[in-house]
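# Coordinates in review
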Amino acid sequence: MPELPEIETIRKSFDKIKNTIILDVEFRREDIIRQKDYSPEKIPQKQIIDINRRGKFLIIVLEKNMYIILHMGMSGRCYIMNVDANIAESHVHLVVTLNNKTKIVYQDPRRFGGVWLVKDMEGFFSHIGKEPLSDEFTANYLYELTRKRKTPIKNLLLNQRLIAGIGNIYADEALYMAEVRPNRPANTLTKKEAQKLRNAIRKVLNTSIENRGTTFRDFRDGYNESGHFQNYLKVYGKTNEPCPVCTQILTREKIGGRTSHYCDNCQN
Ligand SMILES: [Zn+2]
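Note that this is a predicted model, so its numbers are computed, not measured.

## Quick notes on the UniProt feature "domain: Formamidopyrimidine-DNA glycosylase catalytic" (unreviewed entry) in the protein chain
Here the UniProt feature "domain: Formamidopyrimidine-DNA glycosylase catalytic" (unreviewed entry) sits at residues 2–113. Structurally, residues 2–113 is divided into 9% helix and 43% strand, and its ends, taken at the C-alpha atoms, are 11 Å apart.

## Focus: the coordination of the zinc ion
Protein-derived coordination of the zinc ion comes from Cys243 (SG), Cys246 (SG), Cys263 (SG) and Cys266 (SG), at a distance range of 2.2 to 2.4 Å. Classification of the site at the zinc ion rests on its four donor atoms, whose angles at the metal span 100 to 114°, yielding the label tetrahedral. Taking the relative accessible area as the measure of exposure, Cys243 reaches 2% and is therefore buried.

## Some points on unusual backbone geometry
For residues besides glycine, phi is generally negative; the peptide bonds are generally trans as well. Here the phi dihedral of Glu179 falls at roughly 60°; this positive angle occurs in a residue that is not glycine. Looking at the secondary structure, you find Glu179 in the loop between helix 5 (168–177) and helix 6 (191–210). Despite not being glycine, Arg212 has its phi angle at roughly 60°, a positive value. Mapped onto the fold, Arg212 is located in the loop between helix 6 and strand 10 (251–255).

## Description of the domain arrangement of the protein chain
Each assigned domain of the protein chain is listed here: domain 1 (4–124) and domain 2 (139–262). Taken over C-alpha atoms, the centre of domain 1 sits 28 Å from the centre of domain 2. Listed by partner, the interface residues are 20 residues for domain 1 and 19 residues for domain 2. Buried surface at the junction of domain 1 and domain 2, both sides included, amounts to about 1600 Å², of which 62% is carbon and sulfur. Applying the counting rule to domain 1 against domain 2 returns zero salt bridges. Counting across the domain 1 and domain 2 interface gives six residue pairs in polar contact (both at pLDDT 80 or more). At the level of secondary structure, the elements contributing two or more residues to the side of domain 1 that touches domain 2 comprise helix 1 (4–13) and strand 6 (77–82). The class makeup of the residues in the side of domain 1 that touches domain 2 is eight nonpolar, four polar and eight charged.

## Looking at the packing of helix 3 (residues 139–147) against helix 6
Running from N to C, helix 3 and helix 6 point in directions that differ by 120°, and their axes come no closer than 8 Å. Considering their axes alone, helix 3 and helix 6 lie oblique with respect to each other. The interaxial crossing formed by helix 3 with helix 6 has right-handed handedness. Where helix 3 approaches helix 6, its residues Ala139, Asn140, Leu142 and Tyr143 are matched on the opposing element by Lys191, Ala194, Gln195, Leu197, Arg198 and Ile201. Residue composition of the contact of helix 3 with helix 6, grouped by class: six nonpolar, two polar and two charged.

## A look at a nonpolar patch on the surface
A contiguous nonpolar patch, built from Met1, Met74 and Phe112 and spanning about 300 Å² of accessible area, is present on the exposed surface. When you line up the elements, Met74 lands in the loop between strand 5 (66–71) and strand 6. Here Met74 falls in the partly exposed class, since its relative accessible area comes to 34%.

The rules behind each value
Residues numbered from 1 in each chain as written. Predicted model: local features only at pLDDT ≥ 70, side-chain atom pairs only at ≥ 80, totals over all residues. Heavy atoms only, no water. UniProt positions renumbered as here; feature names shortened; annotations may be inferred. Helix = DSSP H or I, 4+ residues; strand = E, 2+ residues; numbered from the N terminus. Donors = N, O, S within 2.8 Å, 3.2 Å for Na, K, Ca; no water. Tetrahedral: all angles 85-135°; square planar, octahedral: opposite > 155°, others 65-115°. Buried < 20%, exposed > 50% of the residue type's maximum accessible area, 1.4 Å probe, protein only. Domains from an automatic or database assignment. Contact = heavy atoms within 4.5 Å. Buried area = accessible area lost by both parts, 1.4 Å probe. Salt bridge = Lys/Arg side-chain N within 4 Å of Asp/Glu carboxyl O. Polar contact = N/O pair within 3.5 Å; in protein donor to acceptor, adjacent residues only side chain to side chain. Nonpolar A, V, L, I, M, F, W, Y, C, P; charged D, E, K, R; others polar. Axes fitted to C-alpha atoms, helices over the stretch in contact; angles between N-to-C directions. Parallel < 35°, antiparallel > 145°, perpendicular 65-115°, else oblique. Left-handed = near helix turned anticlockwise from the far one by under 90°. Patch = residues over 30% accessible without salt bridge, like charges linked within 9 Å, V, L, I, M, F, W, Y side chains within 5 Å. Areas by Shrake-Rupley, 256 points an atom, 1.4 Å probe, with all protein chains shown as cover.

Right, dumping it as structure tokens:
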């Protein structure tokens, strides 16, 4: 599933459509619209003022306080094409034609994602946790989150109401870097470990963004190109492979219903 670095990569590649005007919007499947604060017919002739991201959501900001919010679900993609280019792929649910000879294409084969036509953006994101790359995401904030929770620390990291944008890839990688076992009850973390984990989360997310995200199976950036961070993964998806530090074979275990990989030797 595309996580924070992947959506951030798409956001960055969408910089070039800022200030364009939408000429036409075509929803090929009406049921992909999860919320409709305004009619899709209101979208043409509106200007794209900005492209933002919140957690795993991509936000197209239009004039008149209109927002098109997209989620890629498990395997969705969103990218820009030349307006005349043929869309070869199937499961395309939305095509937005712009006045700079390009179009935005949104596809989501498994339809776990969706499109929200939102007016009240603050309300929409009121239940989403802090951005891990923001100044507000301090070691103390993370430490306080862990205090009253016995849930495995990995589950806490994946809880979008507490921290926005982390999924299975970056939870496994950050916990490995911080040398913390994913199944440790959250409230057993020391202040020092919380500090280490907070720094590891930011390091892993930032390094992935620098490498245009992780393409494990499906992810493509805003130009429909693969990312590169999969070449730098240490534990995620590495079944029966050795720990890069101590060479012990990594442990594979389901934690909170998610397949997890960690080093039984290096992580405490
Ligand atoms: Zn190890």
